[in-house]
Amino acid sequence: MTDFRSVEGKIAVITGATSGIGREIAKTFAANGMKVVIGGRNPERGAKVVDDIVRNGGEATFVQGDVRNEEDVKKLVATAVEKYGKLHVMVNNAGVTPALKALHEYDLAEFNRITESNYTAVFTGTKYAVQAMLDTGSRDCSIINIASASGLKATECFGLYDGSKHAVVGLTKSCALDYAKHDITVNAICPGVIDTEIFANAPKEVREINMKAVPIGRFGRPEEISYMALFLASDLARFMTGSIVTVDGGYTGGDQNNMPWQTPDPRDLSDLKAE
Ligand SMILES: NC(=O)c1ccc[n+]([C@@H]2O[C@H](COP(=O)([O-])OP(=O)(O)OC[C@H]3O[C@@H](n4cnc5c(N)ncnc54)[C@H](OP(=O)(O)O)[C@@H]3O)[C@@H](O)[C@H]2O)c1
């Protein structure tokens, strides 16, 4: 089968699906026939995502909870198993960004908040999802971790976030080996700058700086991450595990050429015409 019909009827849990990337993953999964159980702290936004999905003919359940709380993560996974008797896909997506600071300026409380939200939650989410997948004899399972381009490339004054996302990348590779023989693939998606609530209040200049760093020259859209998640959840990706997939408009591909004294400027491609 070379389309996405293999995901029809699969059961998926998505953390942090009340906005941004997680919400789009939930919507894309549901639109392709998956039954989704979504998490988040904000019940109004959670209910709205469920409404949108149901109105479009899909099936979704919201479970309120904080991914920093192990019992809440357990409950989220348990809800999927109680309701459907199987679990095929776990998307560890919830995450937060800290204010920009040099490392010594953060206190331990902020380090713990970022680490627990972005990294510890990937551990608990994976732990309870894998156990549920094994206990229910679910087949063709996938763990999909939403890491970041910051899991591959550092940015100054972003140490807590960079560290948490590098940790997610390492955990993904290691877990892939643990479950390779158990029909569970484990992969990470590393988004670049994506136009979500994280950037909602960013000043115009900040948006411009970010766009300049992206070779494709724009922010990504949250649904562009959901398409990769759909692929990883499908049977088309069963030979992929331990992969760290960038969806970042070229951001981590390399750096701009810094030899502007060369003429003609190699960046001036305006004369090139498509054949
Ligand atoms: N946007 C980007 O440019 C970008 C780039 C690379 C990676 N990412 C990663 O992509 C993921 C999603 O980010 P986004 O851009 O979609 O951000 P977003 O729009 O702010 O969404 C974050 C989601 O995570 C949930 N969340 C945060 N802390 C939580 C907690 N303690 N417990 C439960 N849910 C929590 C939020 O829900 P509630 O508020 O309802 O709890 C929300 O649904 C994150 O892991 C982020 O690091 C984003």
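This text follows the structure it describes.
A brief structural summary. Residue numbers run consecutively from 1 along every chain, following the written order of its sequence. Where local features are concerned, this predicted model is filtered to residues with pLDDT of at least 70; where side-chain atom pairs are given and counted, the filter is 80 or more; whole-chain, interface and lining totals use all residues. Note that water and hydrogens are dropped before the side-chain values are worked out from all heavy atoms of the structure.

### As for helix α1 (residues 20-31)
Right, so step 1: Secondary structure elements follow DSSP: runs of H or I no shorter than four residues count as helices, runs of E no shorter than two count as strands, and numbering proceeds from the N terminus. One less than the number of residues in a helix, times 1.5 Å, gives the span that helix is expected to have. Counted at 1.5 Å a residue, the expected span for α1 with its twelve residues is 16 Å, and the 17 Å between its end C-alpha atoms agrees.
Right, so step 2: Of all the twelve residues making up α1, nine are buried; the element is thus mostly covered by neighbouring parts of the structure.
Right, so step 3: When a residue's accessible area, from a 1.4 Å probe over protein chains only, is under 20% of the maximum for its type it is buried; when over 50% it is exposed; and in between it is partly exposed. Every buried residue belonging to α1 is among Gly 20, Ile 21, Gly 22, Glu 24, Ile 25, Ala 26, Thr 28, Phe 29 and Ala 30, and all of these are buried.
Right, so step 4: Looking at the residues trailing α1, positive phi occurs at Gly 33, about 90°.

### Some points on the site of the ligand
Right, so step 1: As a matter of local geometry, the ligand sits amid 31 residues, with Thr 18, Arg 41, Asn 93, Tyr 161 and Thr 196 nearest to it.
Right, so step 2: Here Gly 16 contributes a backbone N or O atom positioned 3.1 Å from an oxygen atom of the ligand.
Right, so step 3: Pairs of N or O atoms are called polar contacts if they sit within 3.5 Å, as long as, within protein, a hydrogen donor faces a hydrogen acceptor (for residues adjacent in sequence, only side-chain-to-side-chain pairs). In this structure, an oxygen atom belonging to the ligand sits 2.9 Å away from a side-chain N or O atom of Lys 165.
Right, so step 4: When the ligand is considered free in solution it has 880 Å² of accessible area, and contact with the protein chains removes 94% of it.
Right, so step 5: Contributions of two or more residues to the shell around the ligand are made by α1 and α5 (159-179).
Right, so step 6: Gly is placed with the polar residues, together with every amino acid not listed as nonpolar (Ala, Val, Leu, Ile, Met, Phe, Trp, Tyr, Cys and Pro) or charged (Asp, Glu, Lys and Arg). In terms of residue class, the shell around the ligand is made up of 13 nonpolar, twelve polar and six charged. Any residue with a heavy atom lying within 4 Å of a molecule or strand is counted as near it. Here the Shrake-Rupley method, with its probe set to 1.4 Å, supplies the accessible areas, and only the displayed protein chains count as covering residues.

### Here's the deal with the side chain of Asn 92
Right, so step 1: Tracing the backbone shows Asn 92 in strand β4 (residues 89-92).
Right, so step 2: Relative accessible area serves as the criterion here: at 3%, Asn 92 is assigned to the buried category.
Right, so step 3: A polar atom in the side chain of Asn 92 sits 3.2 Å from the side chain of Thr 126.
Right, so step 4: Any two residues whose heavy atoms approach within 4.5 Å at even a single point are treated as in contact. Excluding its chain neighbours within four sequence positions, the residues that come into contact with Asn 92 are Thr 15, Ala 121, Val 122, Gly 125, Thr 126, Ile 143, Ile 144, Asn 145 and Ile 146.

### Quick look at the pairing of strand β3 (residues 59-64)
Right, so step 1: Note on pairing: DSSP must find at least two bridges between two strands before they are called paired. Judged from the six bridges that link them, strand β2 (residues 35-40) and β3 form a sheet pairing that is parallel. Paired with Ile 38 across the strands is Phe 62, a residue of β3.

### Examining the side chain of Thr 79
Right, so step 1: Tracing the chain through its elements places Thr 79 in helix α3 (residues 70-84).
Right, so step 2: Beyond its immediate stretch of four places on either side in the chain, Thr 79 contacts Val 37, Thr 61 and Val 63.

### Description of the environment of Leu 76
Right, so step 1: By secondary structure assignment, the location of Leu 76 is in helix α3.
Right, so step 2: The class for Leu 76 is buried, based on a relative accessible area of 5%.
Right, so step 3: When the C-alpha atoms of Leu 76 and Leu 232 are compared, they prove to be 21 Å apart, with 156 residues separating the residues in sequence.
Right, so step 4: The contact partners of Leu 76, leaving out residues within four places of it in the chain, are Val 13, Thr 15, Val 37, Ile 38, Gly 39 and Val 63.

### A word on the nonpolar core
Right, so step 1: For the purposes of this section, nonpolar cores are sets of buried Ala, Val, Leu, Ile, Met, Phe, Trp, Tyr and Cys residues that join through side-chain atoms within 4.5 Å. If you look at the biggest cluster of nonpolar residues, it comprises 32 residues, and the most contacted ones within it are Val 13, Val 37, Leu 87, Met 90, Met 133, Ile 143 and Ile 184.
Right, so step 2: Taken together, the elements giving at least two residues each to this core come down to β1 (11-14), α3, α4 (108-135), β5 (141-146), α5 and β6 (184-191).
Right, so step 3: No other element matches the seven residues that α4 contributes to this core.
Right, so step 4: Residues in contact with Ile 143, not counting those within four places in the same chain, are Met 90, Asn 92, Thr 126, Ala 129, Val 130, Met 133, Ile 184, Thr 185, Val 186 and Asn 187.
Right, so step 5: The next biggest cluster of nonpolar side chains, apart from the first, holds 28 residues, and it includes Val 7, Ile 38, Val 91 and Ala 229.

### Observations concerning the state of the cysteines
Right, so step 1: In plain terms, two cysteine sulfur atoms within 2.5 Å form what is called a disulfide here. Summed over all chains, the structure comprises zero disulfides.
Right, so step 2: Here Cys 141 stays unpaired: no disulfide links it, and the sulfur of Cys 175, its closest cysteine neighbor, is 14 Å away.
Right, so step 3: In this structure Cys 190 is not part of a disulfide, and its nearest cysteine sulfur, from Cys 175, lies 15 Å away.

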